[in-house]
Amino acid sequence: MLAIGKAQCTACVVAFLLQNVMPAANAEVMQAGYRAHRIFSKHNASRMSTHAQDTTRDFSTVEVLNLADTDSNLVAFRNSFSDGAHGYMASSVTGFVARFSLAGFNNVEVLNLTAADSDIQSCAGAFPAGTFGYVISRTGKVVRFSLLGFNSVDVINLATTDGDLNSMSFGFTDGSYGYAISTNGKVARFSLSGLSNVEVLSLGQGYVGWFSGGFTDGTHGYLIPLSLNLAGRVVRFSLSGFNNVEALAVGVRSFNGGFTDGVHGYLVPWYEDGGPHSGKVVRFSLSGFNNVEILDLETWDSGLRGFGGGFTDGTYGYVVPYHQFSKVVRFPLSGFNTIEVLSLADEDGELRGCYGGFTDGIYGYVNPYYKNRELFGVGY
């Protein structure tokens, strides 16, 4: 059992309405009037909800759902997804998965993955495919569970195929295969149909290190560099042949997750080259694997830096505040030139240190992670 005490802010799920937020006039940051209003305990999970037709209430009303009230192991989440009816969050430290109803933002259920394998405590990646949810553990185990019954756990160990698959940094799917990225410069893929047929792609010695995320455009898999030795090089490989490794140097050193809108890849800012946290969101063309563009969030606010994960609703891109930062930023995908900001700390100083999230098409959900870097001894 994890002693969390005041660290229950690691269970504060923040969710906000996606539509009808007015753009910042003349590219100015819109904060006043768009702050989250907390209804209940500041340690609870929260969802910022409004009526879509009332633009004055966007980014305002907070609904509360305390995940830790259901089970104290429901803390410190980096990976989450939705199946359309439920939201799922996989703990990075306990091996527990939470799911809750999206319609009512309630009805928390718990699945303990360590009951199937005690080695599954730290989650490196999570995604849905069909009627199953998948979790990639840091130690190279792949866990599959039923989304229908939220049970029926199966486990495979990637390291039995290749010993270098014992330290994983992320995972994603193309719908047919699951992909798990190793810190040892290799990518494993496995068939979703049978949770079998593990294949291994070696990226080469120049790509040994941490990748903070990945995604697919249906033709290629893309890996997002975190470790400084990766020198800001985005890596992609062919899905059809599971080969043809290419790299694109984007001019910024380190990123903390990313996503795609189907046309561009977006990289979430983390560190400059040997310097402080970065506020530079980078995007590049998927079709040509080129045409790098940069949106520097610090142009509007010097505090807009150091993010962890992000997502898109098809109209906007969202980046999530990480570590000690507390401002959620969104930008239009079409223009990639203006921003809007929601400062969580304006409502509660402890609402900071999130990582990643997802959307159900109406709300955006942000994963609660930690209050400070030393809290659980995890993170990059």
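Since we're looking at a predicted model, the values are computed, not measured.

## Some remarks on the pairing of strand β26 (residues 327–332)
Turning to step 1, where the next piece is worked out: For β26, the tally of buried residues reaches five of six residues, placing the bulk of the element in the interior.
Turning to step 2, where the next piece is worked out: Relative to β26, strand β25 (residues 316–321) runs antiparallel, the two being bridged by four bridges. Across the sheet, the residue bridging to V319 is V329, located in β26.
Turning to step 3, where the next piece is worked out: The antiparallel hairpin formed by β25 and β26 contains five residues in its connecting segment, where H323 sits at a positive phi of about 60°.
Turning to step 4, where the next piece is worked out: Here four bridges tie β26 to strand β27 (residues 340–343), and the two strands are oriented antiparallel to one another. Looking at the pairing, V329 lines up with V341 of β27.

## Quick notes on the pattern of salt bridges
Turning to step 1, where the next piece is worked out: Tallying each qualifying case throughout the model produces 12 salt bridges.
Turning to step 2, where the next piece is worked out: Between R99 and E109 there is a salt bridge, with its nearest N and O atoms 2.8 Å apart. Placement of R99 in strand β6 (residues 96–101) and of E109 in strand β7 (residues 106–112) is noted, with a sequence separation of 10 residues between them.
Turning to step 3, where the next piece is worked out: The exposure class assigned to E109 is partly exposed, which follows from its relative accessible area of 30%.
Turning to step 4, where the next piece is worked out: Between K186 and D164 there is a salt bridge, with its nearest N and O atoms 2.9 Å apart. You can see K186 sitting in strand β14 (residues 186–191) and its partner D164 sitting in the loop between β11 (151–157) and β12 (168–173), a full 22 residues away along the chain.
Turning to step 5, where the next piece is worked out: K186 gets classed as buried once you look at its relative accessible area, which sits at 15%.
Turning to step 6, where the next piece is worked out: With a relative accessible area of 30%, D164 lands in the partly exposed category.

## With respect to the confidence of the model for the chain
Predicted coordinates in areas of low pLDDT are best not read in detail.
Turning to step 1, where the next piece is worked out: Averaged over all residues, the pLDDT of the chain is 83; the fraction at 70 or higher stands at 79%.
Turning to step 2, where the next piece is worked out: Low pLDDT (under 50) marks residues 20–57, which in the prediction has 131 contacts with non-local residues, meaning those over four places away or in another chain.
Turning to step 3, where the next piece is worked out: Note that pLDDT drops below 50 for residues 372–380; the model gives that stretch 29 contacts with residues more than four away or on any other chain.

The rules behind these values
Residues numbered from 1 in each chain as written. Predicted model: local features only at pLDDT ≥ 70, side-chain atom pairs only at ≥ 80, totals over all residues. Heavy atoms only, no water. Buried < 20%, exposed > 50% of the residue type's maximum accessible area, 1.4 Å probe, protein only. Helix = DSSP H or I, 4+ residues; strand = E, 2+ residues; numbered from the N terminus. Pairing = 2+ DSSP bridges. Salt bridge = Lys/Arg side-chain N within 4 Å of Asp/Glu carboxyl O. pLDDT = per-residue confidence, 0-100. Contact = heavy atoms within 4.5 Å.

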